[in-house]
Amino acid sequence: DGGITQSPKYLFRKEGQNVTLSCEQNLNHDAMYWYRQDPGQGLRLIYYSQIVNDFQKGDIAEGYSVSREKKESFPLTVTSAQKNPTAFYLCASRATGEAYGYTFGSGTRLTVV
Amino acid sequence: AQRVTQPEKLLSVFKGAPVELKCNYSYSGSPELFWYVQYSRQRLQLLLRHISRESIKGFTADLNKGETSFHLKKPFAQEEDSAMYYCALRGSGAGSYQLTFGKGTKLSVIP
């Protein structure tokens, strides 16, 4: 069953700790994206990657880091430098040539305690 | 810079009433506009895109370049239409790799 999987669904982190959110897809999509979704703020782009071993900052990259060592995987690390990390994080992927065909994951809700 | 504005955070309508979710955009070139929907406990998914001029689940949206708008309309709202709706824009050229989303409008259909 093809799709995009985010794990875990819920994540709790203590202040000052880094945490990594997983995003895996078996759709053979080249491009992958991380968005942050806050109430009343819509979706804001954190990082994106168009090919393996390459990624670019989005609109709100500060306090986050990513890697793209494999086509299938695009993990997001929320570092202690992120001032307001509590949010809902969405991962998406897209096939080359299908600019509108974003497939979204089910999201990870991160709470800092 | 490209920007998408959805002026209403929340829109409540009665079942059977017409629905219009507003979307305005700012972009200097020729954009592609989309509507995405997120039902409760479900993933965000594409509802429709302007280039296909289609009607999905009774919803339509027309791109008005003069008014820079892409409002989503449905003549008769159903309870199952209750969801979060996001308007999105894809630019051309260097910015075409990403979608810019509006802040979303929560549609609540009252039975």
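Here the structure is a predicted model, which means the values were calculated and not measured. (Residues numbered from 1 in each chain as written. Chains lettered and ligands numbered in written order. Predicted model: local features only at pLDDT ≥ 70, side-chain atom pairs only at ≥ 80, totals over all residues. Heavy atoms only, no water.)

Asker: Go over the overall build of chain B, please, and point to the residues and values.
Answerer: Counting its regular elements, chain B contains zero helices and eleven strands. Counting from the amino terminus, helix and strand elements in chain B follow one another as β-β-β-β-β-β-β-β-β-β-β. Taken against the 2.2 N^0.38 rule, which gives 13 Å for 111 residues, the C-alpha radius of gyration of chain B at 14 Å falls within 12% of a compact globule. The principal-axis extents of the C-alpha atoms in chain B amount to approximately 45 × 30 × 25 Å. Out of the 111 residues in chain B, the part that is buried amounts to 47%. Of the contacts made within chain B by residues no fewer than 6 positions apart, 59% connect residues no fewer than 24 positions apart. Summing over all exposed atoms, chain B offers an accessible surface of approximately 5700 Å²; the carbon and sulfur share of this is 49%. When the 15 basic and 9 acidic side-chain charges of chain B are each reduced to a single mean position, those positions are 7 Å apart. (Helix = DSSP H or I, 4+ residues; strand = E, 2+ residues; numbered from the N terminus. Rg over C-alpha atoms; globule rule 2.2 N^0.38 Å. Buried < 20%, exposed > 50% of the residue type's maximum accessible area, 1.4 Å probe, protein only. Contact = heavy atoms within 4.5 Å. Areas by Shrake-Rupley, 256 points an atom, 1.4 Å probe, with all protein chains shown as cover. Lys, Arg positive; Asp, Glu negative; His and termini not counted. Charge placed at Lys NZ, Arg CZ, Asp CG, Glu CD.)

Asker: Describe in detail the interface of chain B and chain A, supporting the description with residues and values.
Answerer: Listed by partner, the interface residues are 15 residues for chain B and 20 residues for chain A. Interface of chain B and chain A: buried area, both sides summed, is about 1700 Å²; carbon and sulfur atoms make up 54% of it. Counting every contact that joins chain B to chain A gives zero salt bridges. Scanning the region where chain B abuts chain A turns up seven residue pairs in polar contact (both at pLDDT 80 or more). No other element matches the three residues that strand β5 (residues 32–38) of chain B contributes to the side of chain B that touches chain A. Partitioned by chemical class, the residues of the side of chain B that touches chain A number eight nonpolar, three polar and four charged. (Buried area = accessible area lost by both parts, 1.4 Å probe. Salt bridge = Lys/Arg side-chain N within 4 Å of Asp/Glu carboxyl O. Polar contact = N/O pair within 3.5 Å; in protein donor to acceptor, adjacent residues only side chain to side chain. Nonpolar A, V, L, I, M, F, W, Y, C, P; charged D, E, K, R; others polar.)

Asker: Any chance you could break down the sheet that holds strand β8 (residues 76–78) of chain A for me, citing the residues and the numbers?
Answerer: Residues and elements named next belong to chain A. The sheet built from four strands is open, its strands ordered β1-β3-β8-β7 with antiparallel pairing. Edge positions in the sheet fall to β1 (4–7) and β7 (64–66), since each has one partner strand and no second. For this sheet, the mean inter-axis angle between neighbouring strands, taken without regard to orientation, is 20°. Both β1 and strand β3 (residues 19–25) contribute to a ladder of four bridges, which runs antiparallel. Within β3, the residue paired with serine 7 across the bridge is serine 22. (Pairing = 2+ DSSP bridges. Axes fitted to C-alpha atoms, helices over the stretch in contact; angles between N-to-C directions.)

Asker: How would you summarise the packing of aromatic side chains if you had to cite specific residues and measurements?
Answerer: Using the criterion set out here, one finds 13 aromatic pairs over all chains in the structure. Consider the rings of A:Tyr33 and A:Tyr102, whose centres lie 4.7 Å apart with planes at 25°: the pair is stacked. In this pair, A:Tyr33 is assigned in strand β4 (residues 31–38) and A:Tyr102 in the loop between β9 (87–94) and β10 (103–104), connecting sequence segments 69 residues apart. Each member of the pair A:Tyr33 and A:Tyr102 is classed as buried. Feature note: the residues A:Tyr33, A:Tyr35, A:Tyr48, A:Tyr102, A:Phe104, B:Tyr36, B:Tyr86 and B:Phe101 constitute an aromatic cluster, connected by ring pairs. (Phe/Tyr/Trp six-rings, centres within 6.5 Å; stacked < 30°, edge-to-face > 60°.)

Asker: I'd like a rundown of the environment of A:Gln82, residues and numbers included.
Answerer: All names here are of chain A. Turning to its location among the elements, glutamine 82 is positioned in the loop between β8 and β9. Relative accessible area serves as the criterion here: at 12%, glutamine 82 is assigned to the buried category. A C-alpha to C-alpha distance of 4.0 Å links glutamine 82 and glycine 63, two positions 19 residues apart in sequence. Here glutamine 82 is in contact with Arg36, Glu62, Gly63 and Tyr64, once residues within four sequence places are set aside. Polar contacts involving the side chain of glutamine 82 include one to the main-chain carbonyl oxygen of glutamate 62, which spans 2.9 Å.

In short, the description is geometric, and any link to function would need to be established separately.
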